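# Observations on the three-dimensional arrangement
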Amino acid sequence: MSLRPSLLARLAARTAEREQANLRRRLRTIDHVDGPWLELDGKQLLSFCSNDYLGLAQHPQLIAAFKRVADDEGVGSGSAHLICGHRAEHAALEQALAEWTGRERALLFSTGYMANLGVQQALLSDGDVCVQDKLNHACLLDGAKLSGAELKRYPHGDVAGAARQLASRSTAAALLATDGVFSMDGDMAPLRELATLCTREGATLMVDDAHGLGVLGDDGAGSVAAAGLSPREVPVLMATLGKALGCHGAFVAGSAALIEGLLQSARPYIYTTAMPPALAAAALAAVQLARTESWRRERLNSHIERFRQGAAELGLALMPSSTAIQPLLLGDADTALAAAQMLEQHGFLVSAIRPPTVPAGQARLRITLSATHEEEHVDQLLEALAKLPQHGVPAPHV
Ligand code: PMP
């Protein structure tokens with residue numbers, strides 16, 4: 001027998017360690033979804049963990065657009081965009097996204113994960129610097145690591161910390177990348193201050209607005225629009241189609257030169273199959289609805305306000321967030337897991353987010369609200385949360 005450790009044995013050991021620490025991730029199969037309701041293990045649960053913030057995933061216009069193009073053109077695109085996978089539906093969606101976000105052009109990626117890898121791989125090289133908020137999404141951090149640039153992180157939301165990281169570089173070119181809305185905390189990045197800093201330091205600002213697009217800004221154009229920042233101040237904007245838009249995929253929007261550069265150089269764009277054209281057609285319908293049906297944002301915002309006010313009355317220590325992501329910090333991973341299990345017994349699906357997705361000691365319930373919820377759903381969740389043995393712990397400084 002070889003004494004060399006097998007890769008598979010090492011992976012199995014890591015899985016066993018997670019199991020022992022009670023941190024094993026469990027894949028569960030949802031049998032059916034109907035608005036905020038879903039069926040799991042034969043039980044109807046009210047979901048407070050989806051990112052379908054505007055309730056578009058099951059909208060008849062999205063379904064009709066998807067079906068029309070699938071009937072006409074089939075399902076798969078057949079190849080990468082640059083071979084023969086790029087269809088009229090992709091082009092129309094890119095144009096609509098560029099117009100919505102006020103940029104010259106947009107480029108579709110198959111997922112947000114790939115978009116963040118692609119942008120950083122195309123923009124950065126060895127010797128460059130990438131400055132990132134410590135709580136940025138995993139794929140922004142992974143993109144920087146894969147790019148070959150030096151990754152420098154700053155404490156969450158700390159503009160002075162970001163300034164120190166930028167100032168400590170030599171003559172290197174720098175990208176500063178931040179989530180617009182932080183996926184596990186729900187708070188917003190200080191975009192105005194970061195934009196001012198980047199202008200002063202000659203750094204390029206990139207915003208990942210996966211959780212802001214559709215939700216923030218007057219016509220849902222996202223965090224950057226809500227902060228009143230111009231394309232010059234935020235030259236690289238990335239957002240996803242799988243959250244408020246209820247679809248799947250992602251895009252990068254920016255100047256014509258940026259987009260042409262990505263099309264030429266971003267490997268996760270070049271070497272992958274284009275998203276199904278039916279999906280692009282559904283996403284176009286979603287963009288039109290997200291822009292025009294502002295009542296969805298108003299309804300979501302009224303749920304957020306109701307939830308936060310109710311939580312305050314009950315003494316629940318919610319994290320400081322004004323977005324659809326409303327985490328209740330519980331600290332210990334076992335406590336968060338037990339809380340999620342208790343909520344499930346009461347008919348609610350809420351995810352317990354544990355390390356390493358969040359820092360050790362900061363396990364939480366990640367509660368998300370949606371325009372599909374009714375006011376009474378929000379009240380029912382609050383009643384169930386009030387029964388938890390622990391009502392949250394104060395948010396730490398990161
Ligand atoms: N960025 C952020 C901030 C996200 O929350 C996510 C999704 N969880 C992504 C990027 C990745 O997007 P996708 O799911 O389309 O890969």
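Chains are numbered independently. Their residues run from 1 in the order of the written sequence. With the structure being a predicted model, the display of local features is reserved for residues of pLDDT at least 70 and the display and counting of side-chain atom pairs for 80 or more, all residues being used for whole-chain, interface and lining totals.

### Brief notes about the packing of helix α4 (residues 88-101) against helix α12 (residues 277-292)
- Running from N to C, α4 and α12 cross one another at 25°; their axes reach a closest spacing of 8 Å. Judged by the angle between their axes, α4 and α12 are roughly parallel. In the packing of α4 onto α12, the handedness of the crossing is left-handed. Touching Glu89, His90, Ala92, Leu93, Ala96, Leu97 and Trp100 of α4 are Pro277, Ala280, Ala281, Ala283, Leu284, Val287 and Arg291, all from α12.
- Under the scheme applied here, ten amino acids are nonpolar (Ala, Val, Leu, Ile, Met, Phe, Trp, Tyr, Cys and Pro), four are charged (Asp, Glu, Lys and Arg), and all others, including Gly, are polar. Of the residues belonging to the contact of α4 with α12, the class tally is 11 nonpolar, 1 polar and 2 charged. For helices, the fitted line uses only the C-alpha atoms of the stretch in contact; every axis is such a line through C-alpha atoms, and the angle between N-to-C directions lies from 0 to 180 degrees. Each helix is a run of DSSP H or I of at least 4 residues and each strand a run of E of at least 2, with the numbering of both proceeding from the N terminus. Here the angle decides the label: under 35 degrees means roughly parallel, over 145 means roughly antiparallel, 65 to 115 means roughly perpendicular, and every other value means oblique. Throughout, a crossing is termed right-handed when the near helix is turned clockwise from the far one, and left-handed when it is turned anticlockwise from it by less than a right angle. Whether two residues are in contact is decided by their C-beta atoms, placed from the backbone, lying within 7 Å.

### Some words on the sheet that holds strand β10 (residues 250-254)
- Reading across the sheet, the 7 strands line up as β4-β10-β9-β8-β7-β5-β6 and stay open at both edges, with mixed pairing between neighbours. Of all the strands in the sheet, the pair left with one neighbour each is β4 (105-109) and β6 (150-154). Across the sheet, the mean angle separating the axes of adjacent strands is 20° when strand polarity is ignored.
- Strands are labelled as partners when DSSP assigns at least two bridges between them. Judged from the 4 bridges that link them, strand β5 (residues 129-133) and strand β7 (residues 174-179) form a sheet pairing that is parallel. Across the sheet, residue Val129 finds its bridge partner in β7, namely Ala174.
- Strand contacts of α4: β4, β9 (236-240) and β10, with the helix running at about 125° to β4, the strand carrying the most contacts.

### Description of the site of the ligand
- In the vicinity of the ligand there are 14 residues, among which Thr111, Gly112, His137, Ser183 and Ala210 approach most closely.
- Per-element tally for the shell around the ligand: the top contributor is helix α5 (residues 112-123), with 3 residues. Only the C-beta atom, placed from the backbone, is used; a residue is near a molecule or strand if that atom lies within 6 Å of it.

### Some remarks on the pairing of β4
- Neighbour density around each residue's C-beta defines its exposure: 20 or more other C-beta atoms within 10 Å make it buried, 12 or fewer make it exposed, and counts between make it partly exposed, where C-beta atoms are placed from the backbone. Most of β4 sits inside the fold, with 5 of its 5 residues counted as buried.
- Here β4 shows two buried faces, one formed by Arg105, Leu107 and Phe109 and the other by Ala106 and Leu108.
- Both β4 and β10 contribute to a ladder of 5 bridges, which runs antiparallel. Among the inter-strand pairings, Phe109 is bridged to a residue of β10, identified as Ala250.

### Describing the environment of Leu176
- Note that Leu176 resides in strand β7.
- Of the residues examined, Leu176 has 26 C-beta atoms within 10 Å and is grouped as buried.
- Along the chain, Leu176 and Gln165 lie 11 residues apart, while their C-alpha atoms are 9.8 Å from each other.
- Excluding its chain neighbours within four sequence positions, the residues that come into contact with Leu176 are Val131, Ala162, Leu166, Leu194, Cys198, Ala203 and Leu205.

### Side note on the environment of Gly315
- On the secondary structure map, Gly315 appears in the loop between α13 (294-314) and β11 (325-331).
- By the C-beta count within 10 Å, which is 9 here, Gly315 ends up exposed.
- Sequence separation of Gly315 and His391 is 76 residues, and the distance between their C-alpha atoms is 6.9 Å.

### Comments concerning the sheet that holds strand β13 (residues 351-353)
- Pairing is antiparallel across the open sheet formed by 3 strands, whose spatial order is β11-β14-β13. Pairing within the sheet leaves two strands with one partner each, and these edge strands are β11 and β13. Each adjacent strand pair in this sheet contributes to an overall mean axis angle of 30°, direction not counted.
- Of the strand pairs in this sheet, β11 and strand β14 (residues 363-368) are connected by 6 bridges, and their pairing is antiparallel. What sits directly across from Ile325, in β14, is Thr368.

### Re the UniProt feature "domain: Aminotransferase class I/classII large" (unreviewed entry) in the protein chain
- UniProt positions are given in the numbering used here, feature names are shortened, and annotations may be inferred rather than shown by experiment. In the numbering used here, UniProt assigns the "domain: Aminotransferase class I/classII large" (unreviewed entry) feature to residues 44-385.
- Between the C-alpha atoms that bound residues 44-385 there is a distance of 18 Å. The span itself is 45% helix and 17% strand.

### A look at unusual backbone geometry
- Cis geometry is adopted by the peptide bond preceding Pro356, which originates at Pro355 and carries an omega value of 5°.
- When you line up the elements, Pro356 lands in the loop between β13 and β14.
- Even without glycine at this site, Asn22 takes up a positive phi of about 60°.
- The backbone of Asp41 shows a phi angle near 50°, a positive value even though the residue is not glycine.
- Locating Asp41 in the fold gives a position in the loop between β2 (37-40) and β3 (43-47).
- What makes Asp41 exposed here is the crowd of 10 C-beta atoms within 10 Å.

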